[in-house]
Amino acid sequence: QVRLVESGGGLVQAGGSLGLSCVASGSIFSINTMAWYRQAPGKQRELVAGITSDGSTKYADSVKGRFTISRDNAKNTVYLQMNSLKPEDTAVYYCNADVEVVGRIYGVDCWGKGTLVTVSS
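These figures come from a predicted structure and were not determined experimentally.

Draft legend 1. Focus on the nonpolar core. Grouped together as the largest cluster of nonpolar side chains are 32 residues, with contacts concentrated most on Trp36, Leu80, Met82 and Tyr93. At the level of elements, strand S1 (2–7), strand S3 (18–26), strand S4 (28–39), strand S5 (46–51), strand S7 (67–72), strand S8 (77–82), strand S9 (91–101) and strand S11 (115–120) are the ones that each hand at least two residues to this core. Take this core: its biggest share by element is six residues, from S9. Residues in contact with Tyr93, not counting those within four places in the same chain, are Glu6, Leu20, Trp36, Tyr37, Arg38, Val48, Phe67, Leu80, Met82, Gly114, Thr115 and Val117.

Here it is in structure tokens:
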């Protein structure tokens, strides 16, 4: 069983910065891709940033140059540093990880419960 727990969400003024973290725990053999998604009210969930086990990254066009995703494999943790925040960044941010579980053949696509980020004007 694997759990993902996000932290770091909160209220921040436009132009400010906020850092999110997500820790994976449980019977983990290894973690492949880790990613951050977000879902704003009335909108579809979208990929914000992703990072492979080798450190290759991908970002949504809307956050390029402002957000940085990173990971610490030893701690099974992924981070999202968000700078120059805009009101349109307001959303629930979800951690996602493709986890290889000990004793299982297939990987498991795991999700955290989300952390709310609110950016005020």
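So, next bit.
Draft legend 2. Layout of the sheet that holds S3. Read across the open sheet, the four strands follow the order S1-S3-S8-S7; overall the sheet is antiparallel. If you trace the sheet from one side to the other, it starts and ends with S1 and S7, each paired once. Mean inter-strand twist for the sheet, computed between neighbouring axes without regard to direction, equals 15°. Pairing of S7 with S8 involves six bridges; the strand directions are antiparallel. Within the sheet, the bridge partner assigned to Ser70 lies in S8 and is Tyr79.

The rules we used
- As a convention, each chain's residues are numbered from 1 in the sequence order in which they are written.
- Local features in this predicted model are restricted to residues whose pLDDT is 70 or higher, and side-chain atom pairs enter the listing and the counts only when it is 80 or higher, whereas totals over whole chains, interfaces and linings include all residues.
- Note that water and hydrogens are dropped before the side-chain values are worked out from all heavy atoms of the structure.
- For this analysis, a nonpolar core means a set of buried residues of the types Ala, Val, Leu, Ile, Met, Phe, Trp, Tyr and Cys, connected via side-chain atoms within 4.5 Å.
- Partly exposed residues are those whose accessible area sits between 20% and 50% of the maximum for their type, while under 20% is buried and over 50% is exposed, using a 1.4 Å probe and protein chains only.
- Where helices and strands are cited, they refer to DSSP runs of H or I of at least four residues and of E of at least two residues respectively, numbered from the N terminus.
- By definition in these notes, contact holds between two residues if any of their heavy atoms fall within 4.5 Å.
- Here, a strand pair is defined by DSSP locating no fewer than two bridges between the strands.
- For helices, the fitted axis covers only the stretch in contact; all axes are lines through C-alpha atoms, and the angles between them, taken along N-to-C directions, range from 0 to 180 degrees.

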